[in-house]
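Summary of structural features
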Amino acid sequence: MAHPTTIIIFGASGDLTRRKLIPALFNSYRKGRLPQTFQIVGFARRPWDDAQFRSLLQEGLVEFQEKSFNAAKWADFAPRITYFQGNLDVPEDFIRLREHLPTLESGPTNRLYYLATSPEFFVPIVQNLGQAGMVHEHEGWRRAVIEKPFGHDLQSAQVLNEAIHTVFAEQQVYRIDHYLGKETAQNILYFRFANTIFEPVWNRNYVDNVQIAVTESVDVGRRAGYYDEAGVIRDMFQNHLLQLLSLVAMEPPASFEADAVRNEKAKLFQAIRPLRLADTVHAQYDGYLQAEGVAAASQTPTYAALQLYIDNWRWQGVPFYLRSGKALADKNTEIVIEFKKPPHIMFPDIDDKDFSANTLSLCIQPDEGIHLKFEAKVPDAHTTQPVDMEFHYDSSFKGNSLPDAYERLLLDAIRGDASLFTRSDGIEAAWQLVDPIIQGWKTHPEAPPLATYTRGSWGPKEADALLARDGRVWRHGCMH
Ligand code: BG6
């Protein structure tokens, strides 16, 4: 971290820069975690100067990170930010940038190129960087951080990977999935592999089913233009839900080194049985069609639920149920591992039906923690009742606020740790799994029809039926 570093943000006038990137960099700066010598260059089309750019970023910081804003620190930080006006698809503007950067840098400097643009600019930016000779590593490393969505299907992801690989080597590429930067998502591997008592039961012998839910109360809001093209599978499943699945289901890597972790994820994805349309539900919330930017009679799902299987020794026969949607009752991300019931109930006053299974809930957000539910004897009675053993970050780690995912991910990219970034094979494997579903819903004669659900509900009744046919229900282990 002693080496000078320049962070160049392409698409710097966009929301992501104000909302996430600058607050993350500012917080890392406050904590003394950025390289001693660094600067941030915002590249965008608008005719702004440094002062205008800084003041917009400052407003964003105050709006989104009011608690951590500190005027004195900002006064130190802001002069390191400059603005460069340019077009993402004009090669000459990259030549100008190449000539401009050394005027800010003194001597060999690392460069992090952050592609915070809409996806149609990913290839032009990469090609322009290549053509301008800005990718070779003679004078420090060169890395590219690429935002999502990474392609819109397998083929486009492959084309994008190929275009990137003609310019950058894979180890220079950092594909972001911000769910992997969440503390609680990272904790899944620590929970599993820094303890001894959970892993022995983490398999088909003890686990009845696993549920992964990422529910959101917000609707598509002002993003309807993008969302109507994408839909919930591309927006949430291809990336975030499958990444959470890989953390919960992968085999232990031999080390925490980036490729060791990503190799295990790749193996896991390869072991997922192709999804069957009959094991899926897709639905749209009432009122979605009225949102501005949504096509008339759009069939885009805003909710989906899937059942899948992992064909390996650990998970054979254990169903994994995944669901995600917008305009639902509450925002909640959780993974529930439901264990099998005891093989025999010896207590005469307890009916097998009344006996609930043990569940372990990994609460990713908003109430971050872990809950273990088990049966306890009701005092002065011969029956039992489920009780909860709970860990909450805010009470166990008082004073350590949970950093935003982008803070960790940006620092990792600067440090050169790619373990929380998706490798090209991981991205392609995820598309390979979900593509047939997206296509099948549109064209397959036996695909389930698009269901509807009421805003503010927990989703369509069809999603309950998906579990009910196996005698199961969706669990809310993190919410009381
Ligand atoms: C993004 C999706 O990747 O994740 C959004 O594009 C979604 O539609 C968001 O709202 C959810 O992220 P978080 O961190 O708020 O759970």
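Criteria and thresholds
- Residues numbered from 1 in each chain as written.
- Predicted model: local features only at pLDDT ≥ 70, side-chain atom pairs only at ≥ 80, totals over all residues.
- Heavy atoms only, no water.
- 1 Å grid on protein atoms, 1.4 Å probe; cavity = no way out; pocket = protein on both sides within 12 Å on 5 of 7 lines; lining within 4 Å.
- Points joined across faces, edges and corners; volume = space filled by probe spheres on them.
- Helix = DSSP H or I, 4+ residues; strand = E, 2+ residues; numbered from the N terminus.
- Buried < 20%, exposed > 50% of the residue type's maximum accessible area, 1.4 Å probe, protein only.
- Contact = heavy atoms within 4.5 Å.
- Pairing = 2+ DSSP bridges.
- Axes fitted to C-alpha atoms, helices over the stretch in contact; angles between N-to-C directions.
- Salt bridge = Lys/Arg side-chain N within 4 Å of Asp/Glu carboxyl O.
- Core = buried A, V, L, I, M, F, W, Y, C linked by side-chain atoms within 4.5 Å.
- Phe/Tyr/Trp six-rings, centres within 6.5 Å; stacked < 30°, edge-to-face > 60°.
- Lys NZ or Arg CZ within 6 Å of the ring centre and 35° of its normal.

Here the focus is empty space enclosed by the protein. This model, assessed by the stated rule, comprises five cavities of 30 Å³ or more. In this structure, the largest cavity encloses a volume near 120 Å³. I176, Q238, N239, T422 and I427 are the residues nearest the centre of the largest cavity, which is lined by 14 residues in total. Counting residues per element, the ones that place at least two in the lining of the largest cavity are α8 (224–249) and α12 (424–443).

Attention now moves to the environment of E407. Tracing the backbone through its elements, the reader meets E407 in helix α11 (residues 405–415). E407 sits in the buried class, given a relative accessible area of 3%. Along the chain, E407 and A75 lie 332 residues apart, while their C-alpha atoms are 20 Å from each other. Filtering out sequence-adjacent residues up to four positions away, E407 remains in contact with A24, N27, S28 and K31.

This brings us to the sheet that holds strand β2 (residues 38–44). Spatially, the six strands line up as an open sheet ordered β3-β2-β1-β4-β5-β6, and their pairing is parallel. Each end of this open sheet is capped by a strand with a single partner; those strands are β3 (81–85) and β6 (173–175). Across this sheet, the average inter-strand angle for adjacent strands is 20°, counted without regard to direction. Sheet topology note: the strand β1 (residues 5–10)/strand β4 (residues 110–115) ladder contains six bridges and is parallel. Pairing of T5 across the sheet is with N110, part of β4. Taken strand by strand, helix α1 (residues 15–30) contacts β1, β2, β3 and β4, and its axis lies near 165° from that of β1. Against the sheet, helix α2 (residues 50–64) touches β2 and β3, its axis set at about 120° to β3.

Let's shift gears to the pattern of salt bridges. A side chain of one charge can pair with a side chain of the opposite charge if their charged atoms are brought near each other. On inspection of all chains with the given rule, the structure shows 29 salt bridges. A salt bridge links R98 to E99; the nearest nitrogen and oxygen atoms lie 3.2 Å apart. The partner of R423 in a salt bridge is D425, with the nearest N and O atoms 2.9 Å apart. Looking at D425, the relative accessible area reads 32%, which means it is partly exposed.

Quick look at the nonpolar core now. Counting residues in each nonpolar core, the largest one holds 141 residues, and the members touching the most others are F10, F77 and F320. Ranked by residues supplied to this core, first place goes to α8 with 13 residues.

Positionally, L115 belongs in strand β4. Accessibility expressed as a relative area gives 0% for L115, which makes it buried. Residues within four places of L115 in sequence aside, it is in contact with F10, F122, I125, V126, V145, I146 and E147.

Moving on: unusual backbone geometry. Residues K148 and P149 are joined by a peptide bond in cis, for which omega reads 0°. In this chain, Q365 is followed by P366 through a cis amide linkage whose omega measures 5°. Mapped onto the elements, P366 comes out in the loop between β12 (359–365) and β13 (369–377). In this structure, D380 is a non-glycine residue whose phi angle is positive, near 65°. The topology assignment puts D380 in the loop between β13 and β14 (384–392). Note on D380: relative accessible area 81%, which makes it exposed.

So, on to the packing of aromatic side chains. The description of two aromatic rings rests on the distance between their centres and on the angle between their planes. This model, assessed by the stated rule, comprises 29 aromatic pairs. A connected cluster of aromatic rings, assembled from ring pairs, spans F26, Y29, F38, F69, W74 and F77. Its end group placed over the ring of W141, R143 keeps NZ or CZ at 3.7 Å from the ring centre. A cation over a ring is seen here: K182 above Y179, with NZ or CZ 4.6 Å from the ring centre.

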